[in-house]
Amino acid sequence: MIWILLTITVVATAASDLLQSYEMKRAGAQSVGARGMGRLLRSIVERRYLLLSIVCLAFSFFAFMALLQVAPLSFAVPASAASFILETALAKILLKERIGARRAGGSLLVLCGVVLLGR
Amino acid sequence: MPLSTKTIRTYLLLLLFLGLRAFGNLSLAWGTKHLPERLAADPLVYLRSMLDPGIALGIGMLIVALLVRLALLSVADLSFVLPMTATGYVLAALLGRFFLQEAVSPGRWLAVALIFGGAALVSSTPQSTTGQREGAK
């Protein structure tokens, strides 16, 4: 059960992250002041990919909530980072972000730590 | 060289996001572990669980964290944001250990060092590599 919940969490999170990043880059720089938050909430309604990302996030969140109930916090949160390398690779392929050697190396190091933490 | 306003703003957003997510997850974990019923595929169970104060507080903090993250993604690359927010996994281990009394092995603490090293390496790279389209619709 733990692994099913983890898989749903990871796949839905990856989809949501990519959609959010793609749409927010198109929206331009945002702030988190009172007016900025209002604009952000409007963006969610107006931008369909952002709306779809929220649906993915909801699936991810409810699966994660159920995971937290049956697994320790110190396992569930690091294990949910299993999508890490997949997301970084997709950011390069789909979002055309440049992943330099340092960024790739740092990401791999973080992944190693996350995997070890999840054991 | 002085830090630019954009860099300072990016790191402030990052800190705010990390704090909200870590304590939001802690509150959610505490709440779900004290629920009288098991969370399943039934949406009604989830709706009832949201009446629990720990879960409600956790969800509130995570919603604000989501909005802060959207703002963060508008000024920084996903491949920068992902590793930097990975320090949140370290915070989760610490909060689990000290607030929920979970057993964390020496191997897990070693993992903490790896994550910090990786995050530090990534933080020395440019935050955005694709360019910004300010105000673009």
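Report on the accompanying structure. Only a predicted model underlies this, so the values are computations on that prediction, with no experimental measurement involved. (Residues numbered from 1 in each chain as written. Chains lettered and ligands numbered in written order. Predicted model: local features only at pLDDT ≥ 70, side-chain atom pairs only at ≥ 80, totals over all residues.)

**Regarding the overall build of chain A**
Looking only at helices and strands, one finds 6 helices and 0 strands in chain A. For chain A, the succession of helices and strands along the chain, N to C, is α-α-α-α-α-α. In chain A, buried positions account for 46% of the 119 residues. Here the contacts in chain A between residues at least 6 apart in sequence split such that 78% fall between residues at least 24 apart. (Helix = DSSP H or I, 4+ residues; strand = E, 2+ residues; numbered from the N terminus. Buried ≥ 20, exposed ≤ 12 C-beta atoms within 10 Å, placed from the backbone. Contact = placed C-beta atoms within 7 Å.)

**Topic: the overall build of chain B**
What chain B contains, in helices and strands, is 6 helices and 0 strands. In chain B, the order of α-helices and β-strands from amino to carboxyl end is α-α-α-α-α-α. Looking at chain B as a whole, 44% of its 137 residues are labelled buried. Residue pairs in contact within chain B that sit at least 24 positions apart in sequence constitute 77% of those at least 6 positions apart.

**Observations regarding the environment of glycine 19 of chain B**
All names here are of chain B. Of note, glycine 19 is situated in helix α1 (residues 5-33). Residue classification places glycine 19 among the partly exposed positions, given that 15 C-beta atoms sit within 10 Å. A sequence separation of 42 residues divides glycine 19 from methionine 61, and the C-alpha atoms of the two residues are 9.3 Å apart.

**Examining the nonpolar core**
Residues and elements named next belong to chain B. Ranked by internal contacts, the top residues of the largest apolar core, which has 66 residues, are Leu72 and Ile115. The biggest single contributor to this core is helix α3 (residues 53-75), with 11 residues. Apart from residues no more than four positions distant in its own chain, leucine 72 is found in contact with Thr10, Leu13, Leu14, Phe17 and Val81. (Core = buried A, V, L, I, M, F, W, Y, C linked by C-beta atoms within 7 Å.)

**Describing helix α4 (residues 78-85) of chain B**
Taken across its 8 residues, α4 of chain B has 7 buried, putting it largely inside the fold. Those residues of α4 of chain B not exposed but buried are Leu78, Ser79, Phe80, Val81, Leu82, Pro83 and Met84 of chain B.

**Description of the packing of helix α3 (residues 48-70) of chain A against α1 of chain B**
At their nearest, the axes of α3 of chain A and α1 of chain B sit 8 Å apart, and the two run at 65° to each other. Here α3 of chain A and α1 of chain B pass one another in a crossing that is right-handed. Counted together, Met65, Leu68 and Gln69 of chain A of α3 of chain A and Leu28, Ala29, Thr32 and Lys33 of chain B of α1 of chain B form the full contact between these two elements. Grouping the amino acids of the contact of α3 of chain A with α1 of chain B by side-chain chemistry returns 4 nonpolar, 2 polar and 1 charged. (Axes fitted to C-alpha atoms, helices over the stretch in contact; angles between N-to-C directions. Left-handed = near helix turned anticlockwise from the far one by under 90°. Nonpolar A, V, L, I, M, F, W, Y, C, P; charged D, E, K, R; others polar.)

**Section: the packing of α1 of chain B against helix α5 (residues 87-99) of chain B**
Residue and element names in this part refer to chain B. Relative to each other, α1 and α5 sit at 40°, their axes nearing to 10 Å. The orientation of α1 relative to α5 falls into the category oblique. The chirality of how α1 crosses α5 is right-handed. Each of Leu18, Arg21, Ala22, Asn25 and Leu26 in α1 lies in contact with α5, whose residues at this interface are Thr87, Gly88, Leu91, Ala92, Leu95 and Phe99. In the contact of α1 with α5, the residues fall into 7 nonpolar, 3 polar and 1 charged. (Parallel < 35°, antiparallel > 145°, perpendicular 65-115°, else oblique.)

By themselves, these figures tell us nothing about what the structure is for.
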